[in-house]
Amino acid sequence: MKEERALKKKSKIELSAVILAAGSSERFCGDKLSANIGGVSVLERTLSVFEESPEVDEIILVARSAHINEVKEITSKMKLTKLEKIVAGGNTRQQSAYIGLEATSPTSKYIAIHDAARCLVTPEIIRAVLCDAKRSRAAAAAHHVTDTVKYANIRGYIQNTINRDFVWLVSTPQIFLTNLYRAAAYTAVKDGFEGTDDCSLAERLGFEVRLTEVGADNIKITFQDDILRAEEILRRRENKPSICEGG
């Protein structure tokens, strides 16, 4: 195993995965990454998927500084072969992503930024987003909305109806050419810009980001009720292969 990792370090890294696990979990009212889903914690599920993905060459885990020792204990039991570093995150998600970027291999060609709380991601989703990123230099997992979308004013009154054909809900992973993401992240720091996701850093520099339809099951664990939703999705998956599809 050590020989295998040593050989990998000498070769070029195609895809580095930065897993963001440094959030406060305030809305969950507890540590959501240690929450149990089908006998496995949220963090372990996410890491296992990236470990199993043939597209991923290295994993950088960004955790809260107060939880570093706890996270190291969890990952040591998992025997992850692709986990290269566990680093302490920043005060914001964007700062944590920047720290993760700095910890990736200098030979990394593509970088995937992923929220650890999206534990229902699959190797198929990672592959689909990477495929689009290779065509377009940047891509993000997303899902086309099916509901009617309204734009309202500050008082909650409808201003107009938005054409839902052009509306997407964006999730992670978001995958970029590493040099493109580095330029976007560095410029954001220099300009003092704080985006709501990683795509927004690339967008403001004029880079086009391709949206990859991955379906509605790639949910983020945010509230306690999301545990029940995740368990239902896993039960459905047991009866059919994991797929990336629209609808």
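Residues numbered from 1 in each chain as written. Predicted model: local features only at pLDDT ≥ 70, side-chain atom pairs only at ≥ 80, totals over all residues. Heavy atoms only, no water.

A short note on the overall build of the chain
Each helix and strand counted, the chain has eight helices and eleven strands in total. Relative to its 247 residues, the chain shows a buried fraction of 45%. Of the contacts made within the chain by residues no fewer than 6 positions apart, 74% connect residues no fewer than 24 positions apart. (Helix = DSSP H or I, 4+ residues; strand = E, 2+ residues; numbered from the N terminus. Buried < 20%, exposed > 50% of the residue type's maximum accessible area, 1.4 Å probe, protein only. Contact = heavy atoms within 4.5 Å.)

What to know about the sheet that holds strand β4 (residues 58-63)
The sheet built from seven strands is open, its strands ordered β5-β4-β1-β6-β10-β7-β11 with mixed pairing. The open sheet has two edge strands, β5 (83-88) and β11 (210-213), and neither has a second partner. Within the sheet, the average angular offset between the axes of one strand and its neighbour, ignoring direction, is 25°. Summarising the sheet, strand β1 (residues 15-21) and strand β6 (residues 110-115) pair through six bridges and their orientation is parallel. Within β6, the residue paired with Ala17 across the bridge is Ala112. Lying on the sheet, helix α4 (residues 93-103) is in contact with β1, β4, β5, β6 and β10 (168-177); it crosses β1 at an angle near 145°. Where helix α5 (residues 123-136) meets the sheet, its contacts fall on β1, β6, β7 (138-144), β10 and β11, and the angle it forms with β7 comes to roughly 130°. (Pairing = 2+ DSSP bridges. Axes fitted to C-alpha atoms, helices over the stretch in contact; angles between N-to-C directions.)

As for the pattern of salt bridges
Any two side chains of opposite charge can pair, given that their charged atoms come close. Under the criterion given, the structure shown has 13 salt bridges. Between Asp132 and Arg135 there is a salt bridge, with the nearest N and O atoms lying 2.9 Å from each other. Linking Asp132 with Arg135, this pair stays in helix α5, spanning three residues, or about one helical turn. Its relative accessible area of 11% is what places Asp132 among the buried residues. Relative accessible area serves as the criterion here: at 62%, Arg135 is assigned to the exposed category. Beyond isolated ion pairs, a larger network of salt bridges with shared partners links Arg93, Asp115, Arg118 and Asp198. (Salt bridge = Lys/Arg side-chain N within 4 Å of Asp/Glu carboxyl O.)

Describing the packing of aromatic side chains
Per the stated rule, a full pass over the model turns up two aromatic pairs. Taking the centre distance of 5.5 Å and the plane angle of 55° together, the rings of Tyr98 and Tyr186 count as tilted. Here Tyr98 is found in helix α4, whereas its partner Tyr186 is found in helix α6 (residues 178-191), with 88 residues between them in sequence. The lysine or arginine in question, Arg204, covers the ring of Phe193, its NZ or CZ lying 4.4 Å from the ring centre. (Phe/Tyr/Trp six-rings, centres within 6.5 Å; stacked < 30°, edge-to-face > 60°. Lys NZ or Arg CZ within 6 Å of the ring centre and 35° of its normal.)

Describing the packing of α4 against α6
Between α4 and α6, the shortest axis-to-axis distance is 11 Å and the interhelical angle comes to 135°. As the angle between them shows, α4 and α6 are arranged oblique. At the point where α4 passes α6, the crossing takes the left-handed sense. Contact with α4, carried on its side by Gln94, Ala97, Tyr98, Leu101 and Glu102, involves Thr178, Tyr181, Arg182, Ala185, Tyr186, Ala188 and Val189 of α6 and no other residues of that element. In the contact of α4 with α6, the residues fall into eight nonpolar, two polar and two charged. (Parallel < 35°, antiparallel > 145°, perpendicular 65-115°, else oblique. Left-handed = near helix turned anticlockwise from the far one by under 90°. Nonpolar A, V, L, I, M, F, W, Y, C, P; charged D, E, K, R; others polar.)

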